[in-house]
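Residue strings, one per chain:
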Amino acid sequence: MAASSLLFSSQGIMSFHKTTTCYKDFTSSYLDVVCKQSDHSNFMCSTRSRLLPNETLSKREQAAKFSQKNDFLCRALKVENSSSFSTGKKFQLDDVIEAQQFDRDILSAIFEVARGMEKIEKNSLGSQILKGYLMATLFYEPSTRTRLSFESAMKRLGGEVLTTENAREFSSAAKGETLEDSIRTVEGYSDIIVMRHFESGAAKRAAATAAIPIINAGDGPGQHPTQALLDVYTIEREIGKLDGIRVALVGDLANGRTVRSLAYLLARYNDVKIYFVSPDAVKMKDDIKDYLTSKEVEWEESADLMEVASKCDVLYQTRIQRERFGERIDLYEEARGKYIVDHHVLDVMQKHAVVMHPLPRLDEITVDVDGDPRAAYFRQAKNGLYIRMALLKLLLVGW
């Protein structure tokens, strides 16, 4: 850093080209300033970075503003020569709650960061980008891929993990604690919370409560935005484009949070057509259809999987979710097994097309499909690691 870009005074006032948020023991090569806890005081820099006078403070800036007791305050003053500090800018989002938060430009930028994370993952030494950070995973529903990929992502970037599995049964929620109280407690132990909940809208409630970033890892039949991000990332890598594609969404479309979130993201691209293939009991809900229509995205419902499979670039299969049917076992049994992807479906698919699935699967994709190069679902799951590494980095330290 040039001497002219950073000035220190005896009162601890710092002037540099831009402002940034600094917390004790926070070090990162992506930031312009490092603030460490001294022997005598906690050191914190409050920020006004990238905010106009009437704008709302970000979560971390609010936390800094209200955490100044026993802290040493330094005010950042803007000076010239900012071009050499292009990295470390604040991410546009405070939380990741729903797919509608992402526009096309942000998606492209996130995917670029994810490609960089692929290189980090392949380096056995990993990275220390998130050294000193703690991520809490708060899962009220079962998860394998999402929870483990987030935890792997955090550790591969040098951070640490606090985890609770089956929080619905084994956390204080079993004693009747409200979600808001749980969030207020857990945020005191961590820097970011990844949460899965059984109620639609729970992630939005958590984000409204917490002063640290919240990532929605699935909220009942609502949304699963990080799954949608990795799905679109996978489609781009497998097909080579996102404009002009044909996508079939198959299976439980009424309760499938993955297909709902994916539909929102696909609407960001041009000349996309979506086919809905599902049993009558679990058809896609009208809110998604209306949204696609409002965005001038062509969609079509069909009962013929074979016909649709022959036209599509992506066949996105989902399982019929027993847990969403409650006591209506008859409806579940009626829907299960109606649409199965097997070698007969592969025979009519185009050579460049791919089969995707958010997993876990039951019998909706037969195991003999696994050996076909068009079976992309395990590559899709691996891509989740890169996307989640990118999101953790962006939410915690910026671009």
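Quick caveat: nothing in here was measured; it's all calculated off a predicted structure.

Student: Can you explain the sheet that holds strand β12 (residues 298-302)? Please cite residues and give values.
Tutor: Sheet architecture is open: five strands sit in the order β12-β11-β10-β13-β14, paired in parallel fashion. The open sheet terminates on both sides in strands that have one partner only, identified here as β12 and β14 (354-356). Mean inter-strand twist for the sheet, computed between neighbouring axes without regard to direction, equals 20°. Sheet topology note: the strand β11 (residues 273-277)/β12 ladder contains five bridges and is parallel. Across the sheet, the residue bridging to V277 is S302, located in β12. Helix α9 (residues 286-294) rests against β11 and β12 of the sheet, and its axis sits at about 145° to β12.

Student: Outline the packing of aromatic side chains, supporting the account with residue identities and numerical values.
Tutor: Taken as a whole, this structure holds six aromatic pairs when the rule is applied. Ring centres of F91 and W399 lie 5.4 Å apart, and the angle between their planes is 75°; this geometry places the pair in the edge-to-face category. In this pair, F91 sits in the loop between β5 (76-77) and α2 (104-122) while W399 sits in the segment after α13 (377-397), placing the two residues 308 residues apart along the sequence. Judged by its relative accessible area of 3%, F91 is buried. The interplanar angle of 75° and the centroid separation of 6.4 Å between the aromatic rings of Y140 and F198 together place this pair among those described as edge-to-face.

Student: Tell me what's going on with the environment of P358, and back it up with residues and numbers.
Tutor: Mapped onto the elements of the fold, P358 is located in the loop between β14 and α13. What makes P358 buried here is its relative accessible area of 13%. Sequence separation between P358 and T146 is 212 residues; the distance between their C-alpha atoms is 10.0 Å.

Student: So what's going on with the side chain of R319? Which residues, and what values?
Tutor: For R319, the position within the fold is in the loop between β13 (314-317) and α11 (329-335). By relative accessible area, which is 18% here, R319 ends up buried. When sequence neighbours within four positions are dropped, the list of residues in contact with R319 reads D252, H357, P360, L362 and E364.

Student: Got a sec to walk through the pairing of strand β6 (residues 134-139)? Specific residues and values, please.
Tutor: Two faces belong to every sheet, and in a regular strand the side chains alternate between them. The element β6 is largely enclosed, with a buried count of five among its six residues. Two elements, β6 and strand β7 (residues 160-164), share five bridges in a ladder whose sense is parallel. Its bridge partner lying in β7, M135 is registered against V161. Handedness of the β6-helix α3 (residues 145-156)-β7 crossover: right-handed.

Student: Outline the packing of α2 against α13, supporting the account with residue identities and numerical values.
Tutor: Two packed helices can be described by the angle between their axes and the distance between those axes. The interhelical angle for the contact between α2 and α13, taken along N-to-C directions, is 110°, at an axis separation of 8 Å. Taken together, the axes of α2 and α13 are roughly perpendicular relative to one another. On α13, the residues that touch I110, F111, V113, A114, M117, E118, I120, E121 and K122 of α2 are K382, L385, Y386, I387, M389, A390, L391, K393 and L394.

How each quantity is defined
Residues numbered from 1 in each chain as written. Predicted model: local features only at pLDDT ≥ 70, side-chain atom pairs only at ≥ 80, totals over all residues. Heavy atoms only, no water. Pairing = 2+ DSSP bridges. Helix = DSSP H or I, 4+ residues; strand = E, 2+ residues; numbered from the N terminus. Axes fitted to C-alpha atoms, helices over the stretch in contact; angles between N-to-C directions. Contact = heavy atoms within 4.5 Å. Phe/Tyr/Trp six-rings, centres within 6.5 Å; stacked < 30°, edge-to-face > 60°. Buried < 20%, exposed > 50% of the residue type's maximum accessible area, 1.4 Å probe, protein only. Right-handed = clockwise from strand over helix to strand, strands pointing away. Parallel < 35°, antiparallel > 145°, perpendicular 65-115°, else oblique.

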